[in-house]
Amino acid sequence: MTSLTVNGDPMTLEGTTVADLVAQLQLQGRRLAVEVNRDIVPKSEHGQHRLYDGDVVEIVHAIGGG
Amino acid sequence: MSDPLHIAGKTYQSRLLIGTGKYKDFEETRQAVEASGAEIVTVAVRRTNLGQEPGEPNLLDFVTPDKYTILPNTAGCFNAEDAVRTCKLARELLDGHKLVKLEVLGDQKTLYPNIAHTVRAAQQLVDDGFDVMVYTNDDPIVARELEDMGCVSVMPLGSLIGSGLGVLNPHNLLLIMEEAKVPIIVDAGVGTPSDATLAMELGCDGILMNSAIAHARNPVLMASAMKKAIEAGREGLLAGRMPKRAFANPSSPSEGLVS
């Protein structure tokens, strides 16, 4: 179990990687971008990138804007 | 008549760029974009809602990157650092896409651009390989600086974002356009089709708008009106207006009148 902050809220991750987090949030297959501790984690690395206690994660997507 | 707009090596037939904010739902957004004929469509980058159901609709399912050039913006950023960070997230989100709309705002009340931060962010983004379309004020010296540092388009405001007040200082736009070698796109302020036509008659290369369409009583109809307004203004510019004169000049021949 890993304690993270995701999009500003505390969260407990049951797996170990960014891909596990995306799956836990039921966001698989969605068009999004992930940042861990202010560094982008490319999609190709989601499966390998390990998350650790205290990591700060941002998950973003595109919404309407001008 | 073929009169394409060139931005960052791509060719566009439409000179109307539109935003996707403030619509009732994604279906209305899709219909308005379609009716506008726009090929470049702006989006914002925001935190994903973590409580959502799987399969919840996504904007990019309605306005798809295979059909449109998606132009992610940095709206809501009030400093260079946040704007650069947002562009990097957008690049990852859109699979390495380099075209971005940079806007660094000064305050909530005016949403006027913070030029010092805009220039700093633009330089960092250009250095990092982004194609930067930059929202700025209508200062010709600033516009020149942004062009010189490598921005692919300079986008001065017509008036404040979301104000619908039209182009308040056409003379400054003329000063900017006289020197510019990159497309000058009026970003913000256009409220009506006639505002759009006037801006195009001045010689702007295109117009980016959102509220004028999304906040119309009938957004899809207004999108269609704006498409025509921009085409009319552009064709009018290319056709060249008649000279103004102080006194009348009859359109019908003066000879051969029955007497």
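Just so we're clear, the structure is a prediction, and the values are computed from it rather than from any experiment.

### Details of the packing of aromatic side chains
Residues and elements named next belong to chain B.
Next, step 1: Throughout the structure, instances matching the rule amount to one aromatic pair over all chains.
Next, step 2: Note on Phe 26 and Phe 62: the rings are 5.4 Å apart at their centroids and 40° apart in plane angle, and the pair reads as tilted. Taken together, the positions of Phe 26 in helix 1 (residues 26-36) and Phe 62 in helix 2 (residues 59-62) put the pair 36 residues apart, joining distant regions of the chain.
Next, step 3: Of the residues examined, Phe 62 reaches a relative accessible area of 26% and is grouped as partly exposed.
Next, step 4: A cation over a ring is seen here: Lys 101 above Tyr 135, with NZ or CZ 6.0 Å from the ring centre.

### Some details on the pattern of salt bridges
All names here are of chain B.
Next, step 1: Under the counting rule described, the total for this entry stands at 15 salt bridges over all chains.
Next, step 2: When the shortest N-O distance is used, the salt bridge between Asp 3 and Arg 234 registers 2.7 Å. Highlighted residues: Asp 3 in the segment before strand 1 (5-7) and Arg 234 in helix 9 (residues 219-239), separated in sequence by 231 residues. Residues Asp 3 and Arg 234 agree in their burial class; the two are buried.
Next, step 3: Across the pair Lys 67 and Glu 34 runs a salt bridge whose closest N-O atoms are separated by 3.1 Å. With a gap of 33 residues between them, Lys 67 in the loop between helix 2 and strand 5 (69-72) and Glu 34 in helix 1 connect regions that are remote in the sequence.
Next, step 4: Given a relative accessible area of 42%, Glu 34 falls into the partly exposed group.

### Quick word on the interface of chain A and chain B
By a widespread convention, an interface's size corresponds to the accessible area lost as its parts come together.
Next, step 1: At the interface, 27 residues of chain A touch 33 residues of chain B.
Next, step 2: Note on chain A versus chain B: buried area summed over both sides is about 2800 Å², and carbon and sulfur give 51% of it.
Next, step 3: Taken as a group, Arg30(A), Arg31(A) and Gly66(A) account for 24% of the area that chain A buries against chain B, more than any other trio of residues on that side.
Next, step 4: The interface formed by chain A and chain B holds six salt bridges in total.
Next, step 5: Here Glu81(B) and Arg38(A) are joined by a salt bridge, their closest N and O atoms 3.3 Å apart.
Next, step 6: There are 19 residue pairs in polar contact (both at pLDDT 80 or more) connecting chain A and chain B.
Next, step 7: At the level of elements, strand 3 (33-36), strand 4 (39-41) and strand 5 (56-64) of chain A are the ones that each hand at least two residues to the side of chain A that touches chain B.
Next, step 8: At seven residues, the largest contribution of residues to the side of chain A that touches chain B is made by strand 5 of chain A.
Next, step 9: Looking at side-chain class alone, the side of chain A that touches chain B contains 13 nonpolar, eight polar and six charged residues.

### Overview of the nonpolar core
Looking at soluble globular proteins, one finds that nonpolar side chains tend to be buried together.
Next, step 1: Among the nonpolar cores identified, the biggest contains 63 residues, and Leu102(B), Val132(B), Ile207(B) and Met209(B) are the most heavily contacted of them.
Next, step 2: With seven residues, helix 3 (residues 80-93) of chain B is the largest single contributor of residues to this core.
Next, step 3: Not counting residues up to four positions away in its chain, the partners in contact with Leu102(B) are Thr74(B), Ala83(B), Thr118(B), Ala121(B), Ala122(B), Leu125(B), Val132(B), Met133(B), Val134(B) and Tyr135(B).
Next, step 4: With 17 residues, the next largest nonpolar core counts Leu4(A), Met11(A), Leu32(A) and Val57(A) among its residues.

### Description of the sheet that holds strand 6 (residues 99-102) of chain B
All names here are of chain B.
Next, step 1: Judged by pairing direction, the sheet is parallel, and its three strands sit side by side in the order 6-7-8 without closing on themselves. On the outer flanks of this sheet lie strand 6 and strand 8 (153-156), each paired with one strand and no other. Across the sheet, the mean angle from the axis of one strand to that of its neighbour is 20°, orientation sign disregarded.
Next, step 2: As judged from the four bridges shared by strand 6 and strand 7 (residues 131-136), these two strands associate in the parallel manner. The residue bridging Leu 102 from the neighbouring strand is Val 134, located in strand 7.

### Describing the packing of helix 1 of chain B against helix 9 of chain B
Residue and element names in this part refer to chain B.
Next, step 1: Two numbers describe how helix 1 lies on helix 9: the axes approach to 7 Å, and their chain directions differ by 20°. The pairing of helix 1 with helix 9 is recorded here as roughly parallel in orientation. By crossing handedness, the relation of helix 1 to helix 9 is classed as right-handed. Of the residues in helix 9, those in contact with Glu 28, Gln 31, Ala 32, Ala 35 and Ser 36 of helix 1 are Pro 219, Val 220, Ala 223, Ser 224 and Lys 227.
Next, step 2: Within the contact of helix 1 with helix 9, the residues separate by chemical class into five nonpolar, three polar and two charged.

### What about the confidence of the model for chain A?
Next, step 1: On average, chain A scores 94 in pLDDT, and the residues at 70 or more come to 100%.
Next, step 2: Across chain A, the secondary-structure element scoring lowest on mean pLDDT is strand 2 (residues 9-13) of chain A, at 94, and the one scoring highest is strand 3 of chain A, at 97.

### Topic: the environment of Leu13(A)
Residue and element names in this part refer to chain A.
Next, step 1: Along the chain, the position of Leu 13 falls in strand 2.
Next, step 2: The spacing of Leu 13 and Arg 50 is 37 residues in sequence and 11 Å in space, taken between C-alpha atoms.
Next, step 3: Ignoring sequence-local partners within four residues, the contact set of Leu 13 consists of Met 1, Thr 2, Leu 4, Asp 20, Leu 21, Gln 24 and Leu 51.

The rules behind each value
Residues numbered from 1 in each chain as written. Chains lettered and ligands numbered in written order. Predicted model: local features only at pLDDT ≥ 70, side-chain atom pairs only at ≥ 80, totals over all residues. Heavy atoms only, no water. Phe/Tyr/Trp six-rings, centres within 6.5 Å; stacked < 30°, edge-to-face > 60°. Helix = DSSP H or I, 4+ residues; strand = E, 2+ residues; numbered from the N terminus. Buried < 20%, exposed > 50% of the residue type's maximum accessible area, 1.4 Å probe, protein only. Lys NZ or Arg CZ within 6 Å of the ring centre and 35° of its normal. Salt bridge = Lys/Arg side-chain N within 4 Å of Asp/Glu carboxyl O. Contact = heavy atoms within 4.5 Å. Buried area = accessible area lost by both parts, 1.4 Å probe. Polar contact = N/O pair within 3.5 Å; in protein donor to acceptor, adjacent residues only side chain to side chain. Nonpolar A, V, L, I, M, F, W, Y, C, P; charged D, E, K, R; others polar. Core = buried A, V, L, I, M, F, W, Y, C linked by side-chain atoms within 4.5 Å. Pairing = 2+ DSSP bridges. Axes fitted to C-alpha atoms, helices over the stretch in contact; angles between N-to-C directions. Parallel < 35°, antiparallel > 145°, perpendicular 65-115°, else oblique. Left-handed = near helix turned anticlockwise from the far one by under 90°. pLDDT = per-residue confidence, 0-100.

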